[in-house]
Amino acid sequence: MEALPPQIHCFFSSNNPINNAHFTLSLPLQNHIIMATKSGELSLTHHDAHHLFDEIPLSDTFAWNNLIQTHLATGDFSHVWSTYNQMLLRGVRPNRHTLPRVLAASRFFGDLSLGKQIHGQAMKLGFSSDHYVITALLEMYGRLDSIDMARWLLDKSPHANSVSWTMLAKLYIKEEKPKLAIDLFHQMVKVGAEIDSVALATAIVACGMLKSLKEGRKIHLVARKCGLEFDVLVCNSLLKMYIDCGSIQDARTIFDQMPKKDIISWTAITHAYVKKGGYNEGLKLFREMIKKGLKPDLFAVSSILPACARIAAGKQGKEVHGYLLRNGIGLSLAVLNAVIDMYVKSGYIQTASKMFSQLKNKDVVSWTVMILGYSLYGQGELGVELFRKLEKESRIEIDQKTYDAVLHAFSTSNLVEKGKYYFKFIKAPKVSHYALMVAILANSGHFDEATTFIQEQKIEKHAEVHRALLDGCRIHRRTQLGKRVIEQLCELEPLNAENYVLLSNWYAENAKWDMVDKLKATIRDMGLKPRKAYSWIELRNKIHVFGTGDVFHPRSERIYWELQSLMKIMEDEGHQAVTDYSFHDVNEERECVKFGHSEMLALSFGLISTQAGSTIRLTKNLRVCRHCHDFAKFISKILTREIILKDQSRFHHFKGGFCSCGDVW
């Protein structure tokens, strides 16, 4: 190896006595060191330490190395140095296993000067070209000095091996320079260095960071040529890389071809499907993993819970929770919070509330989940009450998400003054906080104050803020102000089809059909596609999906007959259907027959398919219209049914002719 750069010559020491005396270590001392090594503990007084040093024969480098390793494992770096110093003072010659451990101690301790001294000693002792020492030096310089210095060492080393190359690649990744790590790997291949599974996995990770399918497939090809394509480490790395690059198809191909799958493999592919909205496939894979005899860890459980956080998957969520309890899987607070969140989002607020009350140690996430949960169910007062309890928990710091949740609670409970008071505590409000403050004012009918607030805070350019104002207009039937807000939304988001649908519905409600036709042409000419409304309900482990005016379900005839019968009863009792769609963002529903909306079809199917008195749970992807809302209230009363409907903004719990939202949504 060539001479060191000038900056570390000053750390080269030639005064350390080294000899080669030969002795054997006494059996009690061997046992003492071995036990300390195994337990990871070595507690010695100053006198005991010197007595121990005195008993270690000068030739027994293995014993000294064990002692150093014990101190290193327990993080006692000062004792690593004192033990190493005693070695040198007593003339014990370090070997190729001693120096990497002492270099690791200098790295962990963050002392570059000590690391440079060991580098100098390695050169004097003839270990500067040893691959163990080179790898330790690379990591030490890469983390404490610079990656350029580490690269210089690798380039000058005559005996660099796969471990050394891979270490430098890992350093590039740590420095968030994945392209250099990939280039280094290709250089390894070019010079004929040995390619092992760790080198491949490191390069694959770099491809995932770069989100480069092209580079990832190149590395995949190298793995295949090296016969390592189906190594578990390589497979798992490829799996994650393809997921990170957005190609779940390639990831699934890798997964299906894997001869051996571990918990990491199953969790990665399950999480990928759930993250992309493939909830049913994620749940299917989770069940299959359990059938294969693999025990999910906490990360696997956390990955699948979002798939259960839906009305249609409440049953599966209960199954997952039950599995955890039956198998005695220790639940961290993070997982317990995720379970509570799952119950909130799947329509079981009472279960979530019970679990929350049983938590012994709550963190800010626990409180935030429940505060927002109550708010989403129209129980803002309970959310506010919970927040007041949180304020008394001095050990918990309230963060921005918690303020998000409590502002939402203020808006659903019309606590304007409280909302204004707590808004002042938010140090750096985000757009979401401003929008919630506008919602608090607008939902309570304080429109002048809301518009003044928007102007003073200079947030006129944010569509989220205007939508909050529009919700207030919808609640209080402020048609003219609502029209101006919709027009502003069209200017802010000219490519959002829903804005034009809102405006079209407003004109239709006011019988301005020429403007309706004009806006339809605008949507068509711009190639925009308004969202279609869908509702779905789970029955006997099958999801039934309905669109507006849907007639394709096998039981459509019975579904429509039930709806017509109920509508007649409703009309006979003097209930008039509300047909105002002026602030509704679904065009097809205005033009459809009043009992053909997707949520009504799903509700009717639930009524004819379940036992009398049982709760019906359904979901709609968009906002429920006023007519369907009134119909659900009526059904809950005359049929004594609880109906839980989740739309895009909140949960509606219909019971006894009333809705939890208080008719404000």
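Everything numeric here is computed off the predicted structure, so don't read it as measured data.

Novice: How should the layout of surface pockets be read in this particular structure?
Specialist: Any empty space left between atoms is shown by rolling a water-sized probe over those atoms. Empty space within the largest pocket amounts to approximately 990 Å³. Residue lining of the largest pocket: 40 residues in total, with His408, Leu436, Asp471, Gln648 and Ser649 positioned closest to the centre. Contributing elements (two or more residues each) for the lining of the largest pocket: helix H19 (333-345), helix H21 (364-376), helix H23 (400-413), helix H25 (431-443), helix H27 (463-476) and helix H29 (497-509). Here the element with the most residues in the lining of the largest pocket is H27; it accounts for seven residues. A per-class count over the lining of the largest pocket returns 15 nonpolar, 10 polar and 15 charged. Taken as a whole, the second largest pocket holds about 420 Å³ of empty space.

Novice: What should I look at first to understand the sheet that holds strand S4 (residues 643-646) in this one?
Specialist: Backbone hydrogen bonds hold the strands of a sheet together, and the pairing may be parallel or antiparallel. The six strands are arranged S2-S1-S3-S4-S5-S6 in an open sheet whose pairing can be described as mixed. This sheet does not close on itself; its edge strands, each paired only once, are strand S2 (542-547) and strand S6 (658-659). Relative to S6, strand S5 (residues 651-655) is paired through two bridges, and the arrangement is antiparallel. Among the inter-strand pairings, Phe654 is bridged to a residue of S6, identified as Cys659.

Novice: Looking at this model, I keep getting lost on helix H16 (residues 279-291). Mind explaining?
Specialist: For the α-helix, the turn length of 3.6 residues means that residues three or four positions removed from each other point alike. Taking 1.5 Å per residue as the helical rise, H16 with its 13 residues ought to reach 18 Å, and the 19 Å between its terminal C-alpha atoms agrees with that figure. Residue Gly293 follows H16 closely and has a positive phi angle near 90°.

Novice: Which parts of the structure should I look at to understand the packing of aromatic side chains?
Specialist: Within the structure shown, the criterion is met by 16 aromatic pairs. On the numbers, 4.9 Å between centres and 85° between planes, the contact of Phe255 with Trp266 is edge-to-face. Placement of the pair is Phe255 in helix H14 (residues 248-257) and Trp266 in helix H15 (residues 263-275), with a sequence separation of 11 residues. According to the relative accessible area criterion, Trp266 is buried, its value standing at 3%. Measuring from centroid to centroid gives 6.4 Å for Tyr343 and Tyr348, while their planes differ by 85°, and the two rings are edge-to-face. Given a relative accessible area of 4%, Tyr343 falls into the buried group. Look at Tyr348 and you get buried, because its relative accessible area is 15%. Cluster of aromatic residues (ring-pair linked, three or more members): Phe387, Tyr403, Phe410, Tyr421, Tyr422 and Phe425. The ring of Phe108 has Arg107 sitting right over it, with the charged end atom 4.5 Å from the ring centre. One Lys or Arg, Lys646, reaches over the ring of Phe651 and ends 5.7 Å from the middle of that ring.

Novice: When you look at the side chain of Arg650 in this model, what are you seeing that I'm missing?
Specialist: Topologically, Arg650 is positioned in the loop between S4 and S5. We note that Arg650 is buried and unpaired, the nearest opposite charge coming from Asp647 at a distance of 5.9 Å.

Novice: Any chance you could explain a nonpolar patch on the surface here in plain terms?
Specialist: There is a patch of nonpolar side chains on the surface, built from Ile569, Ile638 and Leu639 and spanning about 200 Å² of accessible area. If you trace the backbone, Leu639 turns up in the loop between helix H34 (626-638) and S4. Given the relative accessible area of 33%, Leu639 is considered partly exposed.

Novice: Mind showing me how you'd approach unusual backbone geometry here?
Specialist: A negative phi angle is the norm for most residues apart from glycine, just as the trans form is the norm for most peptide bonds. Phi at Lys458 is positive, roughly 55°, even though this residue is not glycine. For Lys458, the position within the fold is in the loop between helix H26 (447-456) and H27. In the Ramachandran plot, Thr640 falls in the positive-phi region, its phi being about 50° despite a non-glycine side chain. Judged by relative accessible area, which is 62%, Thr640 ranks as exposed.

Novice: In this structure, what is going on with the pattern of salt bridges? I would like to understand it.
Specialist: It is possible for side chains of opposite charge to pair when their charged atoms get near one another. In this structure the tally under the stated criterion is 24 salt bridges. With a shortest N-O distance of 2.6 Å, Asp471 and Arg474 are connected by a salt bridge. A residue pair is termed a helical-turn pair when its members lie 3 or 4 positions apart in one helix, as Asp471 and Arg474 do in helix H27 at three residues. Among the residues examined, Asp471 registers a relative accessible area of 22% and is labelled partly exposed. Residue Arg474 is classed as buried on the basis of its relative accessible area, which comes to 10%.

Novice: Looking at this structure, I do not really get the confidence of the model for the protein chain. What am I missing?
Specialist: A low pLDDT means the predicted coordinates there should not be read in detail. Residues at a pLDDT of 70 or more form 88% of the protein chain, whose mean pLDDT is 85. Predicted confidence for residues 1-47 stays below pLDDT 50, and this span has 82 contacts to residues more than four positions away or in other chains.

Novice: Would you mind showing me how to read the pairing of S4 here?
Specialist: Residues in a regular strand point their side chains to alternate faces of the sheet. Summarising the sheet, strand S3 (residues 616-620) and S4 pair through four bridges and their orientation is parallel. Within S4, the residue paired with Leu618 across the bridge is Leu645. Judged from the four bridges that link them, S4 and S5 form a sheet pairing that is antiparallel. Directly across from Ile644, in S5, lies its bridge partner His653. Once S4 ends, the chain turns through four residues before running back antiparallel as S5.

Basis of the calculations
- Residues numbered from 1 in each chain as written.
- Predicted model: local features only at pLDDT ≥ 70, side-chain atom pairs only at ≥ 80, totals over all residues.
- Heavy atoms only, no water.
- 1 Å grid on protein atoms, 1.4 Å probe; cavity = no way out; pocket = protein on both sides within 12 Å on 5 of 7 lines; lining within 4 Å.
- Points joined across faces, edges and corners; volume = space filled by probe spheres on them.
- Helix = DSSP H or I, 4+ residues; strand = E, 2+ residues; numbered from the N terminus.
- Nonpolar A, V, L, I, M, F, W, Y, C, P; charged D, E, K, R; others polar.
- Pairing = 2+ DSSP bridges.
- Expected span 1.5 Å × (residues − 1).
- Phe/Tyr/Trp six-rings, centres within 6.5 Å; stacked < 30°, edge-to-face > 60°.
- Buried < 20%, exposed > 50% of the residue type's maximum accessible area, 1.4 Å probe, protein only.
- Lys NZ or Arg CZ within 6 Å of the ring centre and 35° of its normal.
- Lys, Arg positive; Asp, Glu negative; His and termini not counted.
- Salt bridge = Lys/Arg side-chain N within 4 Å of Asp/Glu carboxyl O.
- Patch = residues over 30% accessible without salt bridge, like charges linked within 9 Å, V, L, I, M, F, W, Y side chains within 5 Å.
- Areas by Shrake-Rupley, 256 points an atom, 1.4 Å probe, with all protein chains shown as cover.
- pLDDT = per-residue confidence, 0-100.
- Contact = heavy atoms within 4.5 Å.

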